[in-house]
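This is what each chain is made of:
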Amino acid sequence: MIILITILFPIISGIIISNIHMEDRQPHVWYAAAILITDLLGANAILTGGKLTLFSFTETVSAYFAVDGISRFFMIVVMLLFSVTCFYAFEYMKMEERENAFFAFYFICYGAMLAVCMAGNLVTLYLCFEMATLTSMPLVLHELTKDAVSAALKYLFYSIGGALLGLLSIFFVCYYSLDAGAFALGGTLDLARLAGNEKVMLAMAFVGIMGFGTKAGMYPMHGWLPAAHPIAPAPASALLSGIIAKAGIIAIIRLVYYSIGADFLRGTWVQYAWMTLCMLTIFMGSMMAFKEKVMKKRLAYSTISQISYISLGLALLVPEGAEGALLHVAAHATSKGCLFLAAGTFIYKLGKRNVGELKGIGKQLPITMWCFLFASLSLVGIPPMGGYVSKWYIALAAVGGGMGAYSILPPIILLVSALLTAGYLLPVVVDAFFPGHEHAEEAVLHHASGKRGAATSASGKTSDKKVSKPVSGEGTWQKEKRTAGDEVPVRESALMYVPMIILSVAALCVGIFGSQIAEAMRAFL
């Protein structure tokens, strides 16, 4: 019963709180209480485990939930991301309209993602997977602009299309399984019944990997990510990249490791095709991120690359590779969540969206930029951050896999991608803290020009002084204080920087305690 309560509580509480009229910031207290109660319920489910059958579709297929090792791992990541992002959103959503609608879908999506984690068979997983898509789409749609509608529809069509491919695979897996769609480490295929149809099952396995890989941004089905992230509010982007896109990873793990079986796919064309697509996606995503000038879009392309690190570790089909993949789930979720929250702070506090506009902001937003730095170091793979440990495990698993060229290519791709990642993230930090003399001279000239304009207006010699327009996405305080030539003071909000600090520390902990986490995961790999 605790499983059902854990799933339904955030959904029901989010809907109720969002539809009750309250004064000003009073709903935030109730949202905070709801998120903390959900976390307590989730923690209880993680500790106590349990199984739950809701109803049966047929004699052999039911809506079934269970808590196992994979469920526990992903639930921890989901709870961390949704919790810290909720508090960040209390501040960020001040500049957005329809705040209550945002939080309503936020909590519904939270429940849906917990359901994905605790799904006990393939049919239940598919239903929860689709529910996560439908409930997260309004987060992309939130601004209701033409671009937002377009991005949301693209996200919806890609995700549903991919899920339908996954469903086709599920039909065949359930038909040839000993227990229709149930999960068991090593797979549940009835090899005697499957005899003579192995090629069909291999094809369906690849279809399923490609279908669920769409949600994870695998090439060539990656197009929704760079469309959705720049238009969605920053808290939504952090969730989409940090954990919602990883619903595809959960589905692939369940399909490959708990339904079909890694042994069935190891050494087949499916494994090599899967690895090839992963490496192509890693390189392509890194290159596109390196060339991109809009910060949130750059981070979106980075997500395409980084989640394919996870897919590559899984595609190695050995426990060491899967351990590295799961470590990178945690490292990427914490690091990329932090980076998107930082990008949201740039927009909210300064109205700056492009990379070229961020020179010298280290003085204005020091805490934010330090968090950006630590998250960037993790994605690049600099020890002792989490990204280093996860990539190390994946590289070692590839080298020891005995697959000829496919043992050598993954470490090379990981190294090239790491260099590109350093190239598109670290210069942002350097320019923020050390903008150079040229930037300082421009700032002085701009300030002096502003003073002259103000003096001219005060003397009455001209009445057509131009006042800078507030940039879309600026915070309320900035709109009130921004005038031509003024030096706008910036005060970092604890509601915004504390979540980033928590995620940065979490990324560091993944690196420091990576071996212990991997040891704990071996029980269910």
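These numbers were taken from a predicted model, which means no experiment stands behind them. Here the residue numbers are simple positions, counted from 1 along each chain's written sequence. Residues qualify for local features only when their pLDDT is at least 70, as the model is predicted, and side-chain atom pairs are given and counted only at 80 or more; totals for whole chains, interfaces and linings, by contrast, use all residues. Computation of side-chain values covers all heavy atoms of the structure but excludes hydrogens and water.

**Comments concerning the overall build of the chain**
Right, so step 1: Helical segments are the DSSP runs of H or I of at least four residues, strand segments are the runs of E of at least two, and each set is numbered from the N terminus. For the chain, the count of helices and strands is 22 helices and two strands.
Right, so step 2: Expressed as a percentage of the 525 residues in the chain, the buried residues total 58%.
Right, so step 3: Contact definition: two residues touch when any of their heavy atoms are within 4.5 Å. Taking the intrachain contacts of the chain between residues at least 6 apart in sequence as the baseline, contacts between residues at least 24 apart amount to 78%.
Right, so step 4: Accessible surface area values rest on a Shrake-Rupley calculation with a 1.4 Å probe, where residue burial reflects the displayed protein chains alone. Carbon together with sulfur atoms contributes 66% to the accessible area of the chain, which is approximately 20,600 Å² in total. With a 1.4 Å probe rolled over the protein chains alone, any residue whose accessible area is under 20% of its type maximum counts as buried; one over 50% counts as exposed, and the rest are partly exposed.

**Concerning helix α8 (residues 198-215)**
Counting along an α-helix, one turn takes 3.6 residues, and residues three or four places apart therefore face a common direction.
Right, so step 1: For α8, spanning 18 residues, the distance from its first C-alpha to its last is 27 Å, which sits close to the expected 26 Å at 1.5 Å a residue.
Right, so step 2: Of all 18 residues that make up α8, 13 are buried, and the element is covered over most of its length.
Right, so step 3: G217 sits one or two residues past α8 and shows a positive phi near 75 degrees. Helix span, expected: 1.5 Å multiplied by one less than the number of residues in the helix.

**Overview of helix α9 (residues 224-231)**
Right, so step 1: Burial analysis of α9 places six of its eight residues in the buried class, which makes it a mostly covered element.
Right, so step 2: For α9, the full list of buried residues reads W224, L225, P226, A228, H229 and I231.
Right, so step 3: For α9, the secondary structure elements touched by its buried residues are α5 (122-141), α6 (146-175), α8, α10 (234-242), α14 (295-315) and α15 (319-350).

**Thoughts on the state of the cysteines**
Right, so step 1: The definition used for a disulfide is geometric: two cysteine sulfur atoms within 2.5 Å. By the definition in use, this model includes zero disulfides.
Right, so step 2: Summary of cysteine pairing: C371 is not part of a disulfide, and the nearest cysteine sulfur, belonging to C338, is at 5.0 Å.
Right, so step 3: Residue C371 is classed as buried on the basis of its relative accessible area of 5%.

**Thoughts on the pattern of salt bridges**
Right, so step 1: By definition here, a salt bridge exists when the distance from a side-chain nitrogen of Lys or Arg to a carboxyl oxygen of Asp or Glu is within 4 Å. Counted by the stated rule, this structure contains three salt bridges.
Right, so step 2: E91 is paired through a salt bridge with K94; the nearest N and O atoms lie 3.1 Å apart.
Right, so step 3: With a relative accessible area of 8%, E91 lands in the buried category.
Right, so step 4: Look at K94 and you get partly exposed, because its relative accessible area is 38%.
Right, so step 5: The partner of D263 in a salt bridge is R266, and the shortest N-O contact between them spans 2.6 Å.

**A word on the confidence of the model for the chain**
Right, so step 1: In the predicted model, the chain carries a mean pLDDT of 86, and the fraction of residues at 70 or more is 89%.
Right, so step 2: Within the chain, helix α16 (residues 366-380) carries the highest mean pLDDT (95), whereas helix α20 (residues 476-481) carries the lowest (44).
Right, so step 3: For the stretch residues 443-487, pLDDT sits under 50, and the model shows 47 contacts to residues farther than four places along the chain or on other chains. For every residue, the predictor reports its confidence as pLDDT, a number between 0 and 100.

**Details of a nonpolar patch on the surface**
Right, so step 1: Together, F283, I408, L409, I412 and V416 line one region of the surface with nonpolar side chains, adding up to about 410 Å² of accessible area.
Right, so step 2: If you tally residues by element for the nonpolar patch, the top one is helix α18 (residues 405-433), at four residues.
Right, so step 3: Residue position: F283 is located in helix α13 (residues 269-291). Patch rule: a residue counts if its relative accessible area is over 30% and it has no salt bridge; like charges are joined within 9 Å, and nonpolar side chains (Val, Leu, Ile, Met, Phe, Trp, Tyr) within 5 Å.

**Quick look at unusual backbone geometry**
Right, so step 1: Along the chain, Y219 connects to P220 via a cis peptide bond; the corresponding omega equals 5 degrees.
Right, so step 2: Turning to its location among the elements, P220 is positioned in the loop between α8 and α9.
Right, so step 3: Going from P383 to P384, the amide bond is cis rather than trans, its omega being 5 degrees.
Right, so step 4: Inspection of the secondary structure puts P384 in the loop between α16 and α17 (386-399).
Right, so step 5: In the Ramachandran plot, R98 falls in the positive-phi region, its phi being about 55 degrees despite a non-glycine side chain.
Right, so step 6: Secondary-structure assignment places R98 in the loop between α3 (69-92) and α4 (99-118).
Right, so step 7: Note on R98: relative accessible area 37%, which makes it partly exposed.
Right, so step 8: Not every positive phi belongs to a glycine, and L144 is a case in point at roughly 60 degrees.

**A word on the environment of M369**
Right, so step 1: In this fold, M369 is placed in helix α16.
Right, so step 2: Among the residues examined, M369 registers a relative accessible area of 0% and is labelled buried.
Right, so step 3: Distance from M369 to M500, taken between C-alpha atoms, is 10.0 Å for residues 131 residues apart in sequence.

**Thoughts on the side chain of H229**
Right, so step 1: Tracing the chain through its elements places H229 in helix α9.
Right, so step 2: Here H229 is in contact with S237, L240, S241, K296, A300 and F340, once residues within four sequence places are set aside.

**Some details on the packing of α15 against α16**
Right, so step 1: Between the N-to-C directions of two axes lies an angle of 0 to 180 degrees, each axis being a line fitted to C-alpha atoms and, for a helix, fitted only over the stretch in contact. Running from N to C, α15 and α16 point in directions that differ by 145 degrees, and their axes come no closer than 9 Å. Note that α15 runs across α16; the crossing there is left-handed. Residue-level contacts link A331, H332, S335, K336, C338, L339, A342, T345 and F346 of α15 to T368, M369, C371, F372, A375, S376, S378 and L379 of α16.
Right, so step 2: Each residue gets one of three labels, nonpolar for Ala, Val, Leu, Ile, Met, Phe, Trp, Tyr, Cys and Pro, charged for Asp, Glu, Lys and Arg, and polar for the others, Gly among them. A per-class count over the contact of α15 with α16 returns ten nonpolar, six polar and one charged. A crossing counts as left-handed when the near helix is turned anticlockwise from the far one by less than a right angle, and as right-handed when that turn is clockwise.

**Describing the packing of aromatic side chains**
Right, so step 1: Classification of ring pairs rests on two measures: the distance between centres of Phe, Tyr or Trp rings, Trp counted by its six-membered ring, which must be within 6.5 Å, and the angle between planes, read as stacked under 30 degrees, edge-to-face over 60 and tilted in between. Evaluation of the coordinates by the stated rule reveals 23 aromatic pairs.
Right, so step 2: Ring centres of F103 and Y106 lie 6.1 Å apart, and the angle between their planes is 55 degrees; this geometry places the pair in the tilted category. Of this pair, F103 and Y106 are both found in helix α4, three residues apart, which corresponds to roughly one turn of the helix. For the residue pair F103 and Y106, the accessibility class agrees, reading buried in each case.
Right, so step 3: Feature note: the residues Y31, F82, F87, F90, F102, F103, Y106, F107 and Y110 constitute an aromatic cluster, connected by ring pairs.
Right, so step 4: Charge over a ring is defined by NZ of Lys or CZ of Arg lying within 6 Å of the ring centre and within 35 degrees of the ring normal. Over the ring of F129 we find K215, and its NZ or CZ is 5.6 Å from the ring centre.
Right, so step 5: We note R254 situated over the ring of Y258; from NZ or CZ to the ring centre the distance is 4.9 Å.

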